Amino acid sequence: MPAKATEPVVTLVELWQRPEMLAALRSRNIGHVFRLIRQYAGFSQTRIGVAVNLSQGKVSEIMKGVVQVTSFDVIERIADGLDMPDPARLTLGLAPRRLPAAGSQPRHTPSSLPSDQPALPASRAALPTRYLASLTSASSRSVISGLRHVLTGQIQAEAIMGPLLLISTIQDQVPVVGQVCQVTRGADRAEALNFASELLEFRGWLHQDLGDFTRATMWTNKALDYAMELGDQRVISYILMRKSIIATEVGDYGHGLGLANTALTNSDALTPRLRAVILRTRATANAHLGEAADSARDSEKALVEAIAGMAQSESDRAPYCTPAYIAMETGATRVLLGEATAAIPIFEASRSQWAESSQARDHVLFLTRMATAYAIAGEREHACAVTEDAISRMQALRSSRVTAQLAALRGHLAQWSAEVSVADLLTRLDILSEPFSLPAPQPQGDR
């Protein structure tokens, strides 16, 4: 083989920024990526194949569309072999470049890092690098056990104060978990995959609650990759439900409904709480689509399942899905359907169940939605009273979902702004809402 064919594939950063390349990366069309590299960088199929550890024939089949690359491991290997920069990796749905093994030289200068990722001092950067290089299959069990304790605390903290202060700590754990999944074999691999899917799904949720739906989708997709390899129907269905919520929140209601339907495909394999949380997700998508009867039917079924879930002994990823939670979501769907008056008794019936809740964000969200329903129904006194209750519970919470609901509530309360008491309440809402504003998502890289 000529020496030139074995040389690394080195491309200009501008190639990865071309619109057609970005479109190919978003759709994970590896054949088109190869064609663009050959077109603009002039590399042969043989040279591409050597770089990504594929035969020339296989590269040819991929470029022609005869073979589709769907394996996550192969896609990641291709990204590494093509020396893909971090913004391109993120567009493809991959995590940023892995840290190099201890003692190796970095392939990129610090200037190639995303602008919002300042380089660590060499003494600090070397520590995680050496740690990652030292991980083995034998050490993976203790690492996952330790990180699971940390994640449990982070999930509890996030329910109280929101995502803003947790996102960076979760980010630091991702490469560790990725390395554990690479080196773990045997019976421990299932636990590693299970934890990886949970951590990355949680990271997706943090980005979603920060209002960054691009990264929310990316990390939730990565979580689903791990779940599919794990093959656990409950985990797969839960993450499909999370994808459904993201799709619905960005306005793609039909896709959100389809994902919820897929999550319920093997509903007999799910716990009652899982069925409940997926049914309420489908009810919300149906409400956005104006399907009132379907939404009501799903909400009723969700409540039945949530009540059954109070007695279930099996653990799952939806311990928050209580009857009170389902009632909150049911009331919200009624408001979406223009039935605020019908939503009020639903909210009131479950209000007392939130008194001792550890889900501070959901409790505040419940109160702001309830106050909004009262305001839409024209019941000023009740709307103001519930708003006062919500204000007293906000404390250090930061959440884009709560911020959006506060804005909607303020808009409905403004109809009584001529009254002194309401004007004072609006002023306090404005003062309270200002620090709730979250930083705009960065245009490149990852946080």
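Let me begin by describing the structure that accompanies this report. Remember, predicted model here, so these are calculated numbers, not experimental data.

1. Describing the environment of Ile326
For step 1, the next point in the chain: Locating Ile326 in the fold gives a position in helix H17 (residues 323-336).
For step 2, the next point in the chain: With relative accessibility at 1%, the residue Ile326 sits in the buried group.
For step 3, the next point in the chain: Sequence separation of Ile326 and Leu303 is 23 residues, and the distance between their C-alpha atoms is 6.0 Å.
For step 4, the next point in the chain: For Ile326, the contacting residues outside a window of four places in its chain are Ala276, Arg280, Ser299, Ala302, Leu303, Ala306 and Cys321.

2. Considering the side chain of Gln154
For step 1, the next point in the chain: For Gln154, the position within the fold is in helix H9 (residues 137-161).
For step 2, the next point in the chain: Its relative accessible area of 8% is what places Gln154 among the buried residues.

3. Some words on the packing of helix H15 (residues 272-288) against H17
Think of two packed helices as two axes; the pair is described by the angle between the axes and how far apart they sit.
For step 1, the next point in the chain: Running from N to C, H15 and H17 cross one another at 10°; their axes reach a closest spacing of 9 Å. By the angle between their directions, the pair H15 and H17 is classed as roughly parallel. Contact residues: H15 offers Ala276, Val277, Arg280, Ala283, Thr284, Ala287 and His288, while H17 offers Tyr325, Ile326, Glu329, Thr333 and Leu336.
For step 2, the next point in the chain: Among the residues making up the contact of H15 with H17, the classes are represented as seven nonpolar, three polar and two charged.

4. Some thoughts on the environment of Asp362
For step 1, the next point in the chain: Mapping Asp362 onto the fold places it in helix H19 (residues 360-376).
For step 2, the next point in the chain: The sequence separation of Asp362 and Arg401 amounts to 39 residues, and the corresponding C-alpha distance is 9.7 Å.
For step 3, the next point in the chain: The contact partners of Asp362, leaving out residues within four places of it in the chain, are Tyr325, Met328, Trp354 and Arg401.

5. Observations regarding the packing of helix H11 (residues 188-209) against helix H12 (residues 213-230)
For step 1, the next point in the chain: Two elements in contact, H11 and H12, have axes separated by 8 Å at closest approach and are oriented at 165°. As far as their axial angle goes, H12 and H11 are roughly antiparallel. The hand of the H11/H12 crossing is left-handed. Counting all contacts with H11, which are made through Arg189, Ala190, Leu193, Asn194, Ala196, Ser197, Leu200, Glu201, Arg203, Gly204, His207 and Gln208, the residues of H12 involved are Phe213, Arg215, Ala216, Trp219, Thr220, Lys222, Ala223, Tyr226, Ala227, Glu229 and Leu230.
For step 2, the next point in the chain: Grouping the constituent residues of the contact of H11 with H12 by class yields eleven nonpolar, six polar and six charged.

6. As for the packing of aromatic side chains
For step 1, the next point in the chain: Scanning all chains against the criterion turns up three aromatic pairs.
For step 2, the next point in the chain: On the basis of an interplanar angle of 75° and a centroid distance of 5.4 Å, the ring pair of Tyr320 and Tyr325 is categorised as edge-to-face.
For step 3, the next point in the chain: Assessed through its relative accessible area of 5%, Tyr325 is described here as buried.
For step 4, the next point in the chain: Their ring planes at 25° and their centres at 5.4 Å tell us that Trp354 and Phe366 sit as a pair that is stacked. Here Phe366 lies in helix H19 and Trp354 lies in the loop between helix H18 (340-351) and H19, a separation of twelve residues in the sequence. In terms of burial, Trp354 and Phe366 fall into one category: buried.
For step 5, the next point in the chain: Aromatic rings pair up to connect Phe347, Trp354 and Phe366 into one cluster.
For step 6, the next point in the chain: The ring of Tyr40 has Arg18 lying over it, and the distance from NZ or CZ to the ring centre is 3.9 Å.

Procedures and definitions
- Residues numbered from 1 in each chain as written.
- Predicted model: local features only at pLDDT ≥ 70, side-chain atom pairs only at ≥ 80, totals over all residues.
- Heavy atoms only, no water.
- Helix = DSSP H or I, 4+ residues; strand = E, 2+ residues; numbered from the N terminus.
- Buried < 20%, exposed > 50% of the residue type's maximum accessible area, 1.4 Å probe, protein only.
- Contact = heavy atoms within 4.5 Å.
- Axes fitted to C-alpha atoms, helices over the stretch in contact; angles between N-to-C directions.
- Parallel < 35°, antiparallel > 145°, perpendicular 65-115°, else oblique.
- Nonpolar A, V, L, I, M, F, W, Y, C, P; charged D, E, K, R; others polar.
- Left-handed = near helix turned anticlockwise from the far one by under 90°.
- Phe/Tyr/Trp six-rings, centres within 6.5 Å; stacked < 30°, edge-to-face > 60°.
- Lys NZ or Arg CZ within 6 Å of the ring centre and 35° of its normal.

Functional significance is not addressed by these values, which are geometric in nature.
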